[in-house]
Amino acid sequence: MNPAALKVHLKDLKPNGILIVNTAKFRPNDLRKAHYDSNPLEDGSLDGLRVIEVDLEERTREALADSPLDTRAKDRCKNMFALGMLYWLFHRDMQPTLDDIRKKFAKKSEVADANEKVLRAGHTYADVAGIFQTSYRVPPATDLPPGRYRQLMGNQALCLGLVVAARRAGVQLVLGSYPITPASDILHQLSSYKHHGVVTFQAEDEIAAVCAAIGASYAGKLGVTSTSGPGLALKSEAIGLAVMAELPLVVIDVQRAGPSTGMPTKTEQADLLQAMFGRNGECPVGIVAARTPGDAFETAYEAVRLAIKYMVPVIVLSDGYIANGAEPWRIPALDSLREIEVRYAAQSPDGAPFFPYLRDAKTLARPWARPGTPGLVHRIGGLEKADGSGNVSYDAKNHAHMTRMRAEKIARMADDIPPARPLGDISGDVLVLGWGGTAGAITAATLRLRKAGYSVSALSLRHLNPFPRNLGVLLGSFRRVIVPELNGGQLAMLIRSRYLVDARPFTKVEGQPFTSQELEEHVLAALEELSA
Amino acid sequence: MFGLKSDWSLELPERYFTLEDYEGGVARWCPGCGDLAVLTAVQKILRDEQQPPEKTVCVSGIGCSSRFPHYMHTYGFHGLHGRALPVACGVKSRRPDLDVWVATGDGDCCSIGAGHWIHATRYNMDMVVMLFDNAVYGLTKKQTSPTSPRGLKTNTHPMGSWLPPLDPLCAMLGFTNVSFVAQTVDWNPVHLHATLREAHKHRGMSFVRILQRCPTYTAAVFEELQRDPSRLLLLKGDDNVAVDPAVMKIFPNQAEHDPSDIGAARALAETGSQGEKVPVGILFRDASRPCYEDFTMQGLGISAEDKLAGLKRELDKFAV
């Protein structure tokens, strides 16, 4: 750590944590630049931490005494020294990194040599200098179910989920999108999937992107659009059009810190209410959220399934943290995934007239009639339709009926989604209720508290509209419901208004995810309050 | 006669379409509205070409003219204000087998949807784009539109519009990858029909600006043009709109124009934008301009087995 990095990240360290400091960067000038009045290495502000002081520059230059590189190039290798020390600390095999170095600098052998030398020097230094009092071994994961695993990032997972779902449904995936951080990777990746039958359209703007996706859905394909918060705002009118036209549409929102341009590279969960309500008129859509990078696969798959089955737009909420985070992910067997059935409308054999808004008795979905099909000629669009015939209608009773129908379609999905299953018990003192990308921190904090004997359960929601059927009962089975969110308390607001439960928001809007530690402390305080 | 191709004398078609087969709901435009003439012209063209109604999709935005799809008995999508072109592009790009017609107005296309207009031109998908230009916002009751002439008194400019009007032809002829630009008038059904027919034949985005009377709000704007045909310039030639000699006689001013000459087309549009010698006919046509769907349909003929195998490979990437 240099002083600036120390200032930003010190709060992330647990008491008695190990802090490796590069003393070469703690000269008076460096301290001034980071706005330190006194040297934190000397003023006691690092008491309670295990501080390891290393002059990385000096050690690196020493290791490279014989190297032909100039001093600047040598100094650039110093991160490898630190990495070498960590390899010793955790007893990890250095070979993958050594291979990577060879690959990355294949054309610059002297740079590769230098990096390798410094990495090994760091490892040796940690060993012989005895700077660490202890070292650690992380055993291989044994509690994961057997299967084939791969490393997967959130945005990749979303793409694969969409592709697999489209394939399962036997429908062509058409992505209309416009570049925006942190969602652009989705457009990049799907653009390289032409061999899977995926078609991408880099539109001239966010609105054209969603409109082209809607046009594709109207034409019988699966229209998808991907964006971040500002783009979702631009797409709102068109999402309303898809609600009115009752066409399948998947909208992916990889959330970032807002409002406006905000902090594009920082994570936040502040688009939940935008997804829920951010359109004119009574305009409900399905909403699902990805909880971990790997979970994004199933979430995208679920969004496609619901959009097609109920002929509605479904918004997928991900966030910058999930998008760029990675985890080992178990590759699912393709036939283990839920079925997605596409039933295009066909001409009635007796030539009966076609009713584009005649609904399925169970799902209330209207038929999906592809242009080009004889006998199904019809007009749809943004004007209110008479139920059944689909003709433009300004009839008062019909509008009330159709408004109810559109809401009821979403509500009925609740019968089609799994019930909420909390981690831990189904009743007790505290339920930590989250959604989306906070799942990791919530799970870790809850497991630690449970291990310490506290009555804490956790639930991370995937389905946000509609909520799982049993959510209300669950919420009522705990003395306290805490809702940690990276926003101003949006899920808490929905929960409170929907279930009349005194859910307590615990919010953070710093562009950073929760640490399990801060969640643990917050829940612990609540537990103490309850027992007092 | 109409639609009877010579080889059909041997084999009767299973379905023969009459004008009624293309007629949708009863049009609710004002009496004397120029949109009615366009509607009839399009229905006639589809009938002439015996285009099955289910193969046609009419897409529109919002405005008086955007009610067009409801009056056609074809597939139709009446979307959002300004967004007719993106929806049409979404349909056409994935379904090149469909015959796509776009109905858009001067506000819809040249104001709120202007960004899409430029890019749809560049994508050059095979569709007909009809710009119903009545120089005013009609549905919202008389506000200045981008093509309103200077001095037009509207509810938003009660002292008269003061900005110079946007000329859609000049704009189109400046857009990259433009492939077909024509102008016609609603009050000459023969020329209107012939121009739209040429547009429909062209492969690529065929843009037709239709000078369209609004009897309610801008009756005076086109009155002079209608009364005094010498204000118009009929473009003729081997490659231009062919009309009956009796109809040609109506136009005192006629000029030979080769639609492959974009320089000449720009000059004609520029002169016309001053309100004198307003050109009618095909200004520009280049069938060799690349179409979006040519590129995007490539490489999509993959068998289901290959797709599945590819998918498994993708999932297994980096697997341990």
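Residues numbered from 1 in each chain as written. Chains lettered and ligands numbered in written order. Predicted model: local features only at pLDDT ≥ 70, side-chain atom pairs only at ≥ 80, totals over all residues. Heavy atoms only, no water.

K.L.:
Help me understand the overall build of chain A, please; the structure alone is not making it clear to me.
P.N.:
A tally of regular secondary structure across chain A gives 19 helices and 16 strands. Each of the three principal axes of chain A carries a C-alpha extent, and together these read 90 × 65 × 45 Å. Per-residue burial over chain A gives 55% buried out of 532 residues. Sequence separation of 24 or more characterises 76% of the internal contacts of chain A that already satisfy a separation of 6 or more. Carbon and sulfur atoms make up 52% of the accessible area of chain A, which totals about 23,400 Å². Separation of charge centres in chain A, based on 62 positive and 58 negative side chains, amounts to 5 Å. (Helix = DSSP H or I, 4+ residues; strand = E, 2+ residues; numbered from the N terminus. Buried < 20%, exposed > 50% of the residue type's maximum accessible area, 1.4 Å probe, protein only. Contact = heavy atoms within 4.5 Å. Areas by Shrake-Rupley, 256 points an atom, 1.4 Å probe, with all protein chains shown as cover. Lys, Arg positive; Asp, Glu negative; His and termini not counted. Charge placed at Lys NZ, Arg CZ, Asp CG, Glu CD.)

K.L.:
Hey, could you run me through the packing of aromatic side chains in this one?
P.N.:
Between two aromatic rings, the relevant description is the distance of the centres plus the angle of the planes. All names here are of chain A. Counted by the stated rule, this structure contains 17 aromatic pairs over all chains. A centroid spacing of 6.0 Å and a plane angle of 15 degrees characterise the contact between W88 and F132, whose relative ring orientation is stacked. Of this pair, W88 sits in helix α5 (residues 78-90) while F132 sits in the loop between α7 (109-128) and β3 (149-153), placing them 44 residues apart in sequence. With respect to burial, W88 and F132 carry one shared label: buried. (Phe/Tyr/Trp six-rings, centres within 6.5 Å; stacked < 30°, edge-to-face > 60°.)

K.L.:
Would you explain the domain arrangement of chain A in this entry?
P.N.:
Interface size, as often reported, equals the accessible area lost upon joining of the parts. With domains assigned, chain A is organised as domain 1 (3-128), domain 2 (149-336) and domain 3 (428-531). Each of domain 1 of chain A and domain 2 of chain A has a C-alpha centre, and these two points are 40 Å apart. (Domains from an automatic or database assignment.)

K.L.:
Looking at this structure, how should I read empty space enclosed by the protein?
P.N.:
Over the atoms rolls a probe the size of a water molecule, and its path tells where empty space is left. A full pass over the atoms with the stated rule returns two cavities of 30 Å³ or more. Here the largest cavity defines a volume of roughly 60 Å³. Together, A:V174, A:V199, A:T200, A:F201, A:A212, A:A216, B:C89, B:G90, B:S93, B:R94, B:M125 and B:Y292 line the largest cavity. Those elements that place two or more of their residues in the lining of the largest cavity are β5 (199-202) and α10 (206-218) of chain A together with α2 (84-94) of chain B. Here the element with the most residues in the lining of the largest cavity is α2(B); it accounts for four residues. For the lining of the largest cavity, a count of residues per class yields eight nonpolar, three polar and one charged. In this structure, the second largest cavity spans a volume of roughly 30 Å³. (1 Å grid on protein atoms, 1.4 Å probe; cavity = no way out; pocket = protein on both sides within 12 Å on 5 of 7 lines; lining within 4 Å. Points joined across faces, edges and corners; volume = space filled by probe spheres on them. Nonpolar A, V, L, I, M, F, W, Y, C, P; charged D, E, K, R; others polar.)

K.L.:
Looking at this structure, I do not really get the layout of surface pockets. What am I missing?
P.N.:
Residues and elements named next belong to chain A. A volume near 1,100 Å³ is recorded for the largest pocket. For the largest pocket, the lining is made up of 36 residues, of which R291, T292, D295, E298 and R462 are closest to its centre. Where the lining of the largest pocket is concerned, the elements lending two or more residues are α13 (295-310), β10 (326-330), α16 (439-451) and β13 (456-461). Counting residues per element, the lining of the largest pocket draws most heavily on α13, at five residues. Across the lining of the largest pocket, the residue classes tally to 20 nonpolar, seven polar and nine charged.

K.L.:
Help me out: how do you make sense of the pattern of salt bridges in this one?
P.N.:
All names here are of chain A. In this structure the tally under the stated criterion is 47 salt bridges over all chains. Note that D75 is salt-bridged to R61, the shortest N-O span being 2.8 Å. Here D75, found in helix α4 (residues 71-75), pairs with R61, found in helix α3 (residues 56-63); they are 14 residues apart in sequence, far enough to count as distant. On the accessibility criterion, R61 (34% relative accessible area) is partly exposed. The closest approach of N and O atoms between R102 and D113, which form a salt bridge, is 3.0 Å. Of this pair, R102 sits in helix α6 (residues 95-104) while D113 sits in helix α7, and the two are eleven residues apart along the sequence. The class of R102 is partly exposed, set by a relative accessible area of 36%. The exposure class assigned to D113 is partly exposed, which follows from its relative accessible area of 39%. Through salt bridges with shared partners, a single network forms among E302, R305, K309, R338 and D416. (Salt bridge = Lys/Arg side-chain N within 4 Å of Asp/Glu carboxyl O.)

K.L.:
Got a minute to help me understand the nonpolar core in this structure?
P.N.:
A:L190, A:L433, A:L464, A:L491, B:F77 and B:M127 are the most contacted members of the largest nonpolar core, which has 157 residues in total. Split by domain, this core shows at least three residues from each of two domains, domain 2 (149-336) and domain 3 (428-531) of chain A. Listed in part, the 30 residues of the second largest apolar core include B:F17, B:L39, B:C58 and B:A194. (Core = buried A, V, L, I, M, F, W, Y, C linked by side-chain atoms within 4.5 Å.)

K.L.:
Just to check I follow, could you spell out the sheet that holds strand β8 (residues 286-289) of chain A for this structure?
P.N.:
What links the strands of a sheet is backbone hydrogen bonding, and the strands pair in either a parallel or an antiparallel sense. Residues and elements named next belong to chain A. Strand order in the open sheet formed by seven strands is β5-β4-β6-β7-β9-β8-β14, with mixed pairing between adjacent strands. This sheet does not close on itself; its edge strands, each paired only once, are β5 and β14 (463-465). Between one strand and the next, the sheet's axes are offset by a mean angle of 20 degrees, whatever the strand orientation. Pairing of strand β6 (residues 222-227) with strand β7 (residues 249-255) involves five bridges; the strand directions are parallel. Within β7, the position partnered with S226 by the bridge is I252. The sheet strands contacting helix α9 (residues 184-191) are β4 (173-177), β5, β6 and β7, and the helix crosses β4 at an angle near 140 degrees. (Pairing = 2+ DSSP bridges. Axes fitted to C-alpha atoms, helices over the stretch in contact; angles between N-to-C directions.)

K.L.:
Looking at this model, I keep getting lost on unusual backbone geometry. Mind explaining?
P.N.:
Working note: non-glycine residues mostly have negative phi, and peptide bonds are mostly trans. Between A:G258 and the following residue, A:P259, the backbone shows a cis peptide bond with an omega angle of 0 degrees. For A:H35, which is not glycine, the phi torsion reads 60 degrees and is therefore positive. Here A:H35 lies in the loop between α2 (28-33) and β2 (50-54). Of note in the backbone geometry, B:N177 takes a positive phi value of approximately 70 degrees without being a glycine.

K.L.:
Where do I start with the sheet that holds β13(A) in this structure?
P.N.:
Residues and elements named next belong to chain A. Read from one edge of the open sheet, four strands run β13-β12-β15-β16, paired in parallel fashion. The sheet is open, and its two borders are formed by β13 and β16 (504-507), each paired with just one other strand. Across the sheet, the axes of successive neighbouring strands diverge by a mean angle of 25 degrees, strand direction being ignored. Looking at chain direction, strand β12 (residues 428-435) and β13 are connected through six bridges and run parallel. Looking at β13, one finds that W435 is bridged to L461. Strands β12, β13, β15 (478-485) and β16 of the sheet are contacted by helix α18 (residues 490-499), whose axis makes an angle of about 145 degrees with β15. Where helix α19 (residues 516-531) meets the sheet, it contacts β12, β13, β15 and β16, and its direction lies at approximately 155 degrees from that of β15.

K.L.:
It is not clear to me how the interface of chain A and chain B should be interpreted in this structure. Could you clarify?
P.N.:
The partner chain B presents 49 residues to the 58 residues of chain A that form the contact. Between chain A and chain B, roughly 4,400 Å² of surface is buried when both sides are summed, and carbon and sulfur atoms account for 65% of that area. Ranking the residues of chain A by area buried against chain B places A:R167, A:E204 and A:R379 at the top, with a combined share of 14%. On the surface where chain A and chain B come into contact, there are zero salt bridges. At the boundary of chain A and chain B, one finds 16 residue pairs in polar contact (both at pLDDT 80 or more). Every element with two or more residues in the side of chain A that touches chain B is listed here: β3, α8 (154-169), β5, α10, α11 (229-245) and β11 (379-381) of chain A. The residue makeup of the side of chain A that touches chain B, split by class, is 34 nonpolar, 14 polar and ten charged. (Buried area = accessible area lost by both parts, 1.4 Å probe. Polar contact = N/O pair within 3.5 Å; in protein donor to acceptor, adjacent residues only side chain to side chain.)

K.L.:
Got a minute to help me understand a nonpolar patch on the surface in this structure?
P.N.:
All names here are of chain A. The grouping of L86, F90 and V138 at the surface amounts to a nonpolar patch, some 240 Å² of accessible area in total. Of note, L86 is situated in helix α5. In this structure L86 comes out as partly exposed when scored by relative accessible area, which is 33%. (Patch = residues over 30% accessible without salt bridge, like charges linked within 9 Å, V, L, I, M, F, W, Y side chains within 5 Å.)

K.L.:
What's the story with the pairing of β2(A) in this structure? I'm lost.
P.N.:
Along any regular strand, the residues point their side chains to alternate faces of the sheet. All names here are of chain A. In this structure, strand β1 (residues 18-22) lies alongside β2, joined through five bridges in parallel fashion. Its bridge partner being in β2, L19 is matched across the sheet by V51. Considered for its hand, the β-α-β crossover made up of β1, α2 and β2 is right-handed. (Right-handed = clockwise from strand over helix to strand, strands pointing away.)

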